[in-house]
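# Architecture and fold: a report
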Amino acid sequence: MDFRAVNPVYSPLLYTVGKNLQSAAFQVLWRRRVRGLENVPPLGTPAIFAANHRSLTDPSNVGSALPYPIFYFAKEELFRVPLLGWYIRRVNSFPVRRRENDVGALKTAVDVLESGGGLMLFPEGGRRLDPATQWRAKAGVGLLACKTGARIIPVGIKNADRLKKLAPLEVAFGKPIFPPAEGDREVYQRLADDVMLRIKELCQ
């Protein structure tokens, strides 16, 4: 796909260098294991990579495990940080205002998927470290999948909350989940809940 059609400032060089450095760090420091890559569709297939979120490293962890570049949601505040904001824009991150219905971010996500891109998001809506709030999905992943017809690839990340202890990391890509052709809010939520259940199973 033409990444610059969606992100005019995309830098293949920055993405490749960053991905390779991150992958090496995960392999050496945390002995990362990646499984289920046979479930990852080929480049050009609209796909939502939906993962649990326990660490700030989760986007890098999943992205560096994939065989091709994808796009990422990132909280708007990160784009205001000098240098960091410049960098993440060039590696296919785009801002989302998490405390409101961000129509602009939704439109960008739809553009990504309709262009045949891969998009990573967290159905929980953000990092969840408190067990009482984990594994609760928001309807957004179901909405995006139904609106675009993109398949959802559940991704389980194990031990991301134990990085300081250098616990072995695992990234597991599950079998694709295909959305119904039509849906409403109830359908979106039910699909999101099914995705979250599958993610939880991959983490066990």
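Below, the structure is looked at part by part.

With that settled, the discussion passes to helix 6 (residues 140-148). Buried within helix 6 are the following residues: Val141, Gly142, Leu144, Ala145 and Cys146. Buried residues belonging to helix 6 abut strand 2 (47-51), strand 3 (71-75), helix 5 (103-114), strand 5 (118-121), strand 6 (151-158) and helix 7 (185-202). Positive phi shows up at Gly149, right after helix 6, with a value of about 80°.

Attention now goes to the sheet that holds strand 1 (residues 33-35). Spatially, 1-7-6-2-5-3-4 is the arrangement adopted by the 7 strands of the open sheet, whose pairing is mixed. Taken across any chain shown, the strands that pair with only one partner, and hence form the sheet edges, are strand 1 and strand 4 (93-96). Neighbour to neighbour, the strand axes of the sheet diverge by 25° on average, direction disregarded. Of the strand pairs in this sheet, strand 2 and strand 5 are connected by 4 bridges, and their pairing is parallel. Bridge pairing in strand 5 places Phe49 opposite Met120.

Bringing the layout of surface pockets into the picture now. A volume near 1400 Å³ is recorded for the largest pocket. Residue lining of the largest pocket: 44 residues in total, with Phe73, Ala74, Lys75, Val96 and Phe122 positioned closest to the centre. Those elements giving two or more residues to the lining of the largest pocket turn out to be helix 2 (12-30), helix 3 (58-65), strand 3, helix 4 (84-90), strand 4, helix 5, strand 5 and helix 6. Classifying every residue of the lining of the largest pocket by side-chain character gives 23 nonpolar, 11 polar and 10 charged.

Turning our eyes to something else, we now look at the side chain of Arg32. Tracing the chain through its elements places Arg32 in the loop between helix 2 and strand 1. Although buried, Arg32 forms no salt bridge, and the nearest oppositely charged side chain, Asp58, lies 9.7 Å from it. Of the polar contacts made by the side chain of Arg32, one reaches the backbone oxygen of Asn61; its length is 2.9 Å. For Arg32, the side chain forms a polar contact with the side chain of Ser64, separated by 2.8 Å. Excluding residues within four positions of it along the chain, Arg32 makes contact with Ser23, Phe26, Gln27, Asn61, Ser64, Ala65, Leu169 and Val171.

How each quantity is defined
- Residues numbered from 1 in each chain as written.
- Predicted model: local features only at pLDDT ≥ 70, side-chain atom pairs only at ≥ 80, totals over all residues.
- Heavy atoms only, no water.
- Buried < 20%, exposed > 50% of the residue type's maximum accessible area, 1.4 Å probe, protein only.
- Helix = DSSP H or I, 4+ residues; strand = E, 2+ residues; numbered from the N terminus.
- Contact = heavy atoms within 4.5 Å.
- Pairing = 2+ DSSP bridges.
- Axes fitted to C-alpha atoms, helices over the stretch in contact; angles between N-to-C directions.
- 1 Å grid on protein atoms, 1.4 Å probe; cavity = no way out; pocket = protein on both sides within 12 Å on 5 of 7 lines; lining within 4 Å.
- Points joined across faces, edges and corners; volume = space filled by probe spheres on them.
- Nonpolar A, V, L, I, M, F, W, Y, C, P; charged D, E, K, R; others polar.
- Lys, Arg positive; Asp, Glu negative; His and termini not counted.
- Salt bridge = Lys/Arg side-chain N within 4 Å of Asp/Glu carboxyl O.
- Polar contact = N/O pair within 3.5 Å; in protein donor to acceptor, adjacent residues only side chain to side chain.

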